[in-house]
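Here is how the chains run, residue by residue.
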Amino acid sequence: MAEAADFQGTSPSPARRWLRRSGALLAGAPLLAGLLQLPAASHADAVGRTALQDASGSGSVAIALDSLSPTVPTDGDTLTVSGTVTNNGKQAVTDAHVGLRVGPELTTRSGIDSAARDSDSLQGPTGTEVGGKYGEDFAKLTPGVAEPFSISVPVDKLDLGDDGVYQFAVSLSGQTSAQPWDQVLGIQRTFLPWQPDAADTKTKTTFLWPLVSDVHMTAETGSNQQQTPVFLNDDLAKAISPGGRLDEMLSLGKNLDVTWVIDPDLLASVDAMTGSYKIQTAGGTTAGTHQAIAKQWLDELQKAVADKEVVALPFADPDLASLAHNGTSVTGSLSHLKEATDVAATTVKTVLHVTPTTDFAWPVDGAVDPSIVKVATSAGADQIIARSDSLQESGGLSYTPSAARPIGGGVTAVVADSRLSTAFQGDLSKAAASTLAVQRFLAQSLALNTQTNKQRTIVVAPQRIPTTRQAQAMAEAVTDLEAGNWSQSEKLTAAAKAKPDPGATTKVPPASEYPSSLRRQELPRSAFEQIAGTQDKLDNFRVILSNESRVVTPFGRAMNREMSTSWRGRPYAAQSFRTDVDTYLSGLTGQVRLIDKSDTKLSGRSATIPVTVQNNLVQGVQHLVLRLTSNSPTRLKIGDDAYDEQPIAVSGGHSQTVKFTTTAKANGQATVTAQLYTEDGQKYGGPVSFEVKVTEFTATVMLVIGGGFLLLVLAGFRMYTQRKRAAAREAAENGPDDTAAEGDEGPENPEGPERRLKEESGTDARADDPQQPSDPTADTAAESTDPSGTGERVDR
């Protein structure tokens, strides 16, 4: 154009044309740069945004939206937004401006999901910034420094249109030294539910408020009358103390119109803390000291649920999916679920003085398959709390149907909405994360209500054990929902009885569609086998107890706890708990035992063998049988056979000795085994074996002994006869005429005493003494001086 203006009708040289074109290009460069900075056609802005975005598409400035109030604005309100902006780049941001932007209305629930995923991306729509004074400026944002902001704007300045959900954003614009033009460097999107007037049809919303905890009590109890319970640790006391998680759940829930879903084990554990209790330590146990806190928490809970609906889970909240997938093939596993269900109502009624509903089953994350449904209903539940991401819609409905679905066999699936139920998962420890979660929940609820004019009943089933911050966000969302114009509260029992939508899915997904992430967290088959082994040991123990409830009750509840859903993700802790329960039971059964015996000797044909049973329990034992068995009955018989048995009953803290009659059949060693049995023939405890050395006298030996005794009798008779004869001879020799006069002493006769001794004894003093003519003939030959023969015994 310049060429034509200056040299019209002429043809300039190539060099001149090149100079003129270069000059025109240089002259137009500033204008081109200015045009590129215009918002309407901002090529430079697009280039700048690309250069300042990270891999996720977010800007170099992070915006934290810490609060938005009111969460559900209405006509005449002033919306206040506050938070912080942080420059995460390496260059300072100058001429920064924080503004509010209202985006388009989001008409679908999936549209809300998409906006939430790209909440801080510069690539998505940003909306029109609210003009005027409704913003905040910063001369400079230093890298790494968070700057607070707070902006208030009348709702009527936001130009909101029809009822619905609007995208709402806070953005920061500014420039850097490398790119000195105004551009959006950061954005944070959220949602603004807009329902200023009451909706023509309101959604009936049921919000479950779970009061569930980890396992805290062991199987161990004291030997005193009160059976002082023992806790794993002091974590439960912290949770129910002011500021603790369970205390916060109670404080928040008592002001909400919700359905309480309670694990009876939690109530039993806190109730046990109101009295004397102990806590396990590395060196034993120590006394618990939080009785007052436990009493206060229970008192507050009783007041909170006095006029509310209470649903009781089976005791200790057993893992239905683990049981269905890994436990049903193990004998007795389903009986534990039935016991946990039976004791649930009694526990809640005893502690809270309300009658709970017990016919609801709640699998983990609401994930179901046919086996889970079968296990859940086996214990008496006919209503199963599922979730819509498990029981997915396949009928092509254009709206979210009501929760109740008949799934066959008289069972109702109460399908919780997955978007609303998962809104409060994740880390909500920061205020910004909590604010976004609340706004997203409210937006999804309103979007659901606007889908159709048909009234529906929706159930929200959040995570079982929310953190304190998650619970606070949940409570805020429920409070705002109750204050809104599109929802009304409903009880779970009413939601389960609501008329189902004809087009809603009623087919339970197959086991192959069960989430693998959940399956990896399940209790293994070995866990149920270990529980079955403990149960067998308990069954064998209980039959001998005079007061079995002292043992059966705490161990029964301990085995319920071994199946708890709370063990998911903690396999080592779960294994340790099961092992401790089994070990403690083994220790108790070992308190009733046989006392070890040392080897013994048995002389004679028969004798008794004593065996002692010791009972170190505080209660008596009965219905026991002690059997003593000879492993060599041909050598030693017990009673009339190879074994004998006697009934046993031993008082607590005492011992009892039982004597068994034995009969020897032959000499030698015989092994004898003592074993306790229950009356139904089951072995109790280990055997005690010992050796018995039999030294029985045979018939030959008895004949020899009898013969020796006869010889002794005959020898005695012979000595008597000889003495009688000697006395007669002496009387004949010393007649009356030869008798010396009284007092006369004849001449000394040195043979006199010796001679008399010989005659009295019937033998000579010496064998070689010469015989006198007057001596009578001897009755026996002179004794030989040779040694006696074998078997001989000489009695004098």
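Residues numbered from 1 in each chain as written. Predicted model: local features only at pLDDT ≥ 70, side-chain atom pairs only at ≥ 80, totals over all residues. Heavy atoms only, no water.

Undergrad: Explain unusual backbone geometry to me, please; I cannot follow it from the model alone.
TA: Apart from glycine, the bulk of residues carry a negative phi angle, and the bulk of peptide bonds sit in the trans form. The omega torsion across Ser69 and Pro70 is -5°, close enough to zero to call that bond cis. Within the secondary structure, Pro70 is located in the loop between β1 (61-69) and β2 (78-87). Positive phi values are uncommon outside glycine, yet Asp159 reaches one of about 55°. Relative to the elements of secondary structure, Asp159 occurs in the loop between β6 (146-154) and β7 (164-175). Relative accessible area serves as the criterion here: at 68%, Asp159 is assigned to the exposed category. Of note in this structure, His353 is not a glycine but carries a positive phi near 60°. (Helix = DSSP H or I, 4+ residues; strand = E, 2+ residues; numbered from the N terminus. Buried < 20%, exposed > 50% of the residue type's maximum accessible area, 1.4 Å probe, protein only.)

Undergrad: I would appreciate a short explanation of the nonpolar core in the present structure.
TA: Proteins that are soluble and globular tend to have nonpolar side chains buried together. Ranked by internal contacts, the top residues of the largest apolar core, which has 75 residues, are Phe541, Leu626 and Leu628. Per element, the largest residue contribution to this core is six residues, and it comes from helix α17 (residues 525-542). Setting aside its immediate chain neighbours within four residues, Phe541 contacts Val551, Leu585, Leu588, Thr589, Leu617 and Tyr684. (Core = buried A, V, L, I, M, F, W, Y, C linked by side-chain atoms within 4.5 Å. Contact = heavy atoms within 4.5 Å.)

Undergrad: Please explain the packing of aromatic side chains as it appears in this structure.
TA: Given two aromatic rings, one states the distance between the centres and the angle between the planes to describe the pair. Inspection of the entire model under this criterion finds seven aromatic pairs. A centroid spacing of 5.2 Å and a plane angle of 40° characterise the contact between Phe424 and Phe441, whose relative ring orientation is tilted. With Phe424 in the loop between α12 (418-421) and α13 (431-449) and Phe441 in helix α13, this pair connects stretches of sequence that are 17 residues apart. Using a relative accessible area of 0% as the deciding quantity, one classes Phe424 as buried. Joined through ring pairs, the aromatic side chains of Phe207, Trp209, Phe424 and Phe441 make up one cluster. Cation over ring: Arg464 sits above Trp362, and NZ or CZ is 4.4 Å from the ring centre. (Phe/Tyr/Trp six-rings, centres within 6.5 Å; stacked < 30°, edge-to-face > 60°. Lys NZ or Arg CZ within 6 Å of the ring centre and 35° of its normal.)

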